[in-house]
Amino acid sequence: MKSFGLACVVLLCAALIYSTMNFPDWGSLNSPASEHVSDYYIQNALEETAVPNLVTAVLADYRGYDTLFETTVILTAGFACFFLLRRYRRKPPPYRLYRHIETGVTLIIEQGGKEPTESEEFMRIDSQWVPYDLVIQKAARLVIPFLQLFALYVIFHGHHSPGGGFQGGVILGATLILLAIANDLRSTTKRISERISAQLASTGVLVYAGTGALCLLLGANFLDYSALSRLIATDPVMARSHGILLVEIGVAIAVSAVMIWIYYNLVSAGRHDEGL
Amino acid sequence: MIWQLDLIILALVIISGIAAISVRDLLGASILFGAYSFLMCLLWAVMGAVDVAFTEASVGAGVSTVFFVAAVFRTARRSKD
Amino acid sequence: MEELTTLVMAKYNYWGVVILLGIGLYAMIAKNNLVKKIIGMNIFQTAIILFYISISTKYGASIPIIHHGHGHTIHPADYMNPLPHVLMLTAIVVSVATLGVALALAVRIYNHHDTLEEDEVLSQLTTDESTQA
Amino acid sequence: MSSQIPAFIIVVPLLAALVVNIAGWARRSLCFPTAVCALAAAWISTIIVMLRVSREGDIIYRMAGWDPPWGISWHIDHLNALILILIATVALINIVATRSTAAQEFPDRLGIFYCLYLLFVTGVMGIVITGDVFNLYVLLEIASLSGYALLGMGGSRASVSSLNYLFMGTIGASLYLFGTGYLYIATGSLNMVDIASILPTLENISLIKVSFVLCLVGLFMKMAFFPLHTWLPNAYSHAPGPSASLIAPLTTKVMLYVMIRVALTIYQPDFAFSQMALQDIVVWLAVIAIISGSILAWKQDRLKRMLAYIIVVEVGYMAGGFWLGNQTGVTGAVLHIVNDAMMTLCLFLTAGAIASRINADAFKHLQGLFRRMPFTMTAFMVAALSIIGVPPTCGFFSKWYLLSGGIEAGHYEFTAALIISSLINVLLFFRVVEISYYEPFDNHQENEQQGIQEASLDMLLPLLATAGLLIVLGFYAHSLVTWIIEPAVSSLFTGSL
């Protein structure tokens, strides 16, 4: 099986390499790809949308419909992970581990035994092999706020510098995943419950599609932000720029919530009790 | 866009790609896949695609590696091939 | 010889794309472990993203962010082609979404069959079917 | 506001999917009504769009107000509008029919099931309506991802076959993306009509040929055309009832529409049919698909697996009919897309009804089904006659166009294959009828009460409506062709887009 697979892959690659012969040269200035549509974007994007970062302008305005469905793809992945993995039957685990914080002694409480209350002295830890490490927890607690500040910077500076809704949203989601890895999953699900992350994910895409539908109600085509100029009393070009910003915020909310939601389901195989 | 740098990083990308699929231990394979994604992000940064490099670094390398490690943690770490 | 180097200079990026496609496809076909197949699928998708990005590069052009304000005439040759970058932002997010669903299915298979090896899973399924029928 | 109707077709199901998710977490009972209202609204707007297209000609809808090559635009002609109505009808009938089985199958995740259902319908409708090549890839991914999740939730074997479907589907979609990359490197634009105008002016034809082959192989993989169909039988036969009867009628047919759109709108008929010299290869592949699919269907001993192989045969009909190259062949293919979607919906709904009543799928458990479930089996009979191609039902007319197209194009092996597979279909379905009608219902299971265990009413009425629709489609097949499919096909061939 392996040699047959290798043979047909090598055959396919040889054919494709032969087909790359009549590509235009790599990096050439007059290849058709860099003449027809991209010249319009480079020359007109700044006047029409007041956004220097061409990629954000094309991403959220000229091809905003593409990005709406891109955010819907990541939302579908969140729904799919929940739909496939989530298990609600709460059968209690055979034993629970409690650690006495000062002495570091771990108590194994069988089912039905008297469990110490999670207070100053006792801390519940996962039954899987989890390194109880003070350094990681304290370092994570210090770093996370600054990471979230950086994520907000990336979201809101999508117009001028590389970055935008997706990158900022993923960094925001990654900070909460870092919290879940540093401590245990239950402490993070207490902060951001699964229900909040699911509803936030849909609200993010609702913000995006809602802005589009708002332009629809104002009489223009779907996702035509210049129609917002009547609402926020600016000229159509600035209305497009603000529309792009609004859409980027929606994307950031959706992407960060979906990343957390997928992580919750994937790491606990759907039971949301013990994870990495 | 210095083409020599581009050639070197492209070679590194191909090597880490081959390594990612030939390592037997799945955790090692997912970490190597993280390295593959970071090198790919570096390649795109050299090629001038700055936004795409940023996204590949955060979405491709950052979160996919976490998903891989989480999935391997929930399943098995040894693999026969 | 000199003609060969100009040919290589002009096309090596696309050859790298094809080699990565081959690696990804080989991993998906020949590898036995499900997670290895998922890694192969991801390599296959990032290879196509690399193909689009190498279309957009221009020699001597800077990143697609217009650095001076209004008023100046903007020459397209100064900036790289922004369109493939937009498309590939979408393709990266699609590849992560597919990765998430594939890993969810792999975890689900492990919950049912306690193995990630394709041949062991299929042998268990055929034994289940024979006992069921 | 009336000029915005095309946007409602996509926006309403998408917003409904989001609202269902947000509301689903608060109150579970809200999910089904919102989903049904959204699909009904989408259905009504597709009919309004069809009327506008037949009155005023093609609709060009500029997304975000930008002109076609720069922004994304929709180009809705007769073909688009017809397939949109088909999708909306199948989705609406299926959501109403499978309400009780969905609640029974997914008790704790019903809200998310309806979100995935609506996202699948949005993705499929977006594929049909869009005029942009890359946008089609993104919507293809949405439809596929929600399809993998819906199909993966069945029995123990479902997740293995769904993962297999995911691998092959991702390779297919990525090959399509690679093909559009070749197109983009040659023309520099992504809008279908714009590419069609640039392609004749280019001189290096071999680049365009490679891009066409790559797109085609990717679409064949998504369409389950013969050599690349191995994912379909497992994926559809182990899937849960409600999702199988949604995905089976739609995915392969929409991929066929995409092949027609790519081959005729972007590459223009003279390039696709004459210069590419692919015709004979693909028609012979279709012949092999039809024959081997029918034989494999005969070898199955489970109902849903047999129906899955029949879908592979039907894809062989449609792809072969399209690649005959002449107008009657393409008309037959388009009409068969419509008919086959309705037939597959009816068959999978009956399979779902049978599975919900006697949760066994193998043939040997279907004894005496006519006495136990008379109405479901009559609907099964109507769908069986339609697939075989008996005149009053719609299956006959599309097969008639395919047959005459085959003779006209001189591909007699295709017509022979059609006739042979119709005969094998007769054997397939009468084997089922023989088991369920003539074999006595062995009453050693005394505890089971002997009376009629008919499927629940809310599943039965849509099922009988679909069976009735098959016959109505049969009567109006001629007017359907003259009013909608003739102008669509002629505009595709003359390339007046």
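Data block above holds the structure.
> What should I look at first to understand the overall build of chain A in this one?
What chain A contains, in helices and strands, is ten helices and three strands. In terms of overall dimensions, chain A has C-alpha extents of about 75 × 65 × 35 Å along its principal axes. Considering chain A as a whole, with its 276 residues, one finds that 57% of them fall into the buried category. If you take every contact in chain A between residues at least 6 apart in sequence, the share linking residues at least 24 apart comes to 60%.

> Please explain the interface of chain A and chain B as it appears in this structure.
On the side of chain B, 18 residues touch chain A, which itself brings 25 residues to the contact. Of the roughly 1,900 Å² buried at the junction of chain A and chain B (both faces included), carbon and sulfur atoms supply 76%. Linking chain A with chain B are zero salt bridges, by the criterion used here. Elements with a minimum of two residues in the side of chain A that touches chain B: helix H5 (134–156), helix H6 (165–182) and helix H10 (236–267) of chain A. In terms of residue class, the side of chain A that touches chain B is made up of 16 nonpolar, six polar and three charged.

> What is the right way to look at the sheet that holds strand E3 (residues 122–125) of chain A in this model?
Adjacent strands of a sheet pair through backbone hydrogen bonds, lying either parallel or antiparallel. Residue and element names in this part refer to chain A. Taken together, the three strands give an open sheet; going across it, the order is E2-E1-E3, and neighbouring strands pair in antiparallel fashion. Two strands lie at the open edges of the sheet, namely strand E2 (106–110) and E3, each paired on one side alone. When strand polarity is set aside, the average angle formed by the axes of neighbouring strands in this sheet is 35°. As paired strands, strand E1 (residues 95–100) and E2 are joined by five bridges and run antiparallel to one another.

> Could you clarify how one ought to interpret the arrangement of the chains in this entry?
Among five pairs of chains with at least one contact, chains A and D form the most extensive contact set. In this assembly chain B lies apart from chain D, the nearest approach of their C-alpha atoms being 15 Å.

> What's the story with a nonpolar patch on the surface in this structure? I'm lost.
Together, Ile 2, Leu 5, Ile 8, Leu 12 and Ile 15 of chain B make up a nonpolar patch on the protein surface, roughly 460 Å² of accessible area in all. We classify Ile 15 of chain B as exposed; its relative accessible area is 55%.

> Just checking my understanding: could you explain the pattern of salt bridges for this structure?
With the rule as written, the count across this model stands at 17 salt bridges over all chains. For Arg 261 of chain D, the salt bridge identified is with Asp 77 of chain D, shortest N-O distance 3.1 Å. Within this pair, whereas Arg 261 of chain D is found in helix H11 (residues 241–266), its partner Asp 77 of chain D is found in the loop between strand E2 (73–76) and helix H3 (78–97), the two being separated by 184 residues in sequence. When the shortest N-O distance is used, the salt bridge between Asp 108 of chain D and Arg 109 of chain D registers 3.1 Å. What makes Asp 108 of chain D partly exposed here is its relative accessible area of 29%. Overall, the relative accessible area of 7% leaves Arg 109 of chain D in the buried class. Members of the salt-bridge network, linked through shared partners, are Asp 61, Asp 224 and Arg 240 of chain A.

> Honestly, the side chain of Gln 279 of chain D in this entry has me stumped. Any pointers?
Residue and element names in this part refer to chain D. On the secondary structure map, Gln 279 appears in helix H13 (residues 279–299). Within the local environment of Gln 279, its side chain forms a polar contact with the backbone oxygen of Trp 323, the two atoms lying 3.2 Å apart. In this structure the side chain of Gln 279 is engaged in a polar contact, spanning 2.7 Å, whose partner is the backbone oxygen of Leu 324. For Gln 279, the contacting residues outside a window of four places in its chain are Phe 273, Trp 323, Leu 324 and Gly 325.

Thresholds, definitions, all that
Along each chain, the written sequence defines residue order, and numbers are assigned to residues from 1. All chains are assigned letters beginning with A, and all ligands numbers beginning with 1, in the order in which they are written. With pLDDT at 70 or above as the cut-off, local features in this predicted model cover only qualifying residues; side-chain atom pairs require 80 or more to be listed or tallied, and sums for whole chains, interfaces and linings still use all residues. Side-chain figures throughout are based on the complete set of non-hydrogen atoms in the structure, without hydrogens or water. Each helix corresponds to a stretch of at least 4 residues labelled H or I by DSSP, and each strand to a stretch of at least 2 residues labelled E; elements are numbered beginning at the N terminus. To sort residues, take the accessible area from a 1.4 Å probe on protein chains only and compare it with the maximum for the residue type: under 20% means buried, over 50% means exposed, and anything in between is partly exposed. Should any heavy atoms of two residues lie within 4.5 Å, those residues are considered in contact. Once two parts are brought into contact, the accessible area they lose, counted with a 1.4 Å probe and summed over both, makes up the buried area. Whenever a carboxyl oxygen of Asp or Glu lies within 4 Å of a side-chain nitrogen of Lys or Arg, that contact is scored as a salt bridge. Asp, Glu, Lys and Arg are counted as charged, while Ala, Val, Leu, Ile, Met, Phe, Trp, Tyr, Cys and Pro are counted as nonpolar; the rest, among them Gly, fall into the polar class. When DSSP finds at least two bridges between two strands, those strands are taken to pair. Helix axes use the C-alpha atoms of the stretch in contact, all axes being lines fitted to C-alpha atoms, and the angles between their N-to-C directions lie in the range 0 to 180 degrees. Patch rule: a residue counts if its relative accessible area is over 30% and it has no salt bridge; like charges are joined within 9 Å, and nonpolar side chains (Val, Leu, Ile, Met, Phe, Trp, Tyr) within 5 Å. Only the protein chains shown count as cover for residues, and the accessible areas themselves come from Shrake-Rupley with a 1.4 Å probe. Polar contact criterion, stated in full: a pair of N or O atoms within 3.5 Å, where within protein one must be able to donate a hydrogen and the other to accept it, and residues adjacent in sequence count only if both atoms are side-chain atoms.

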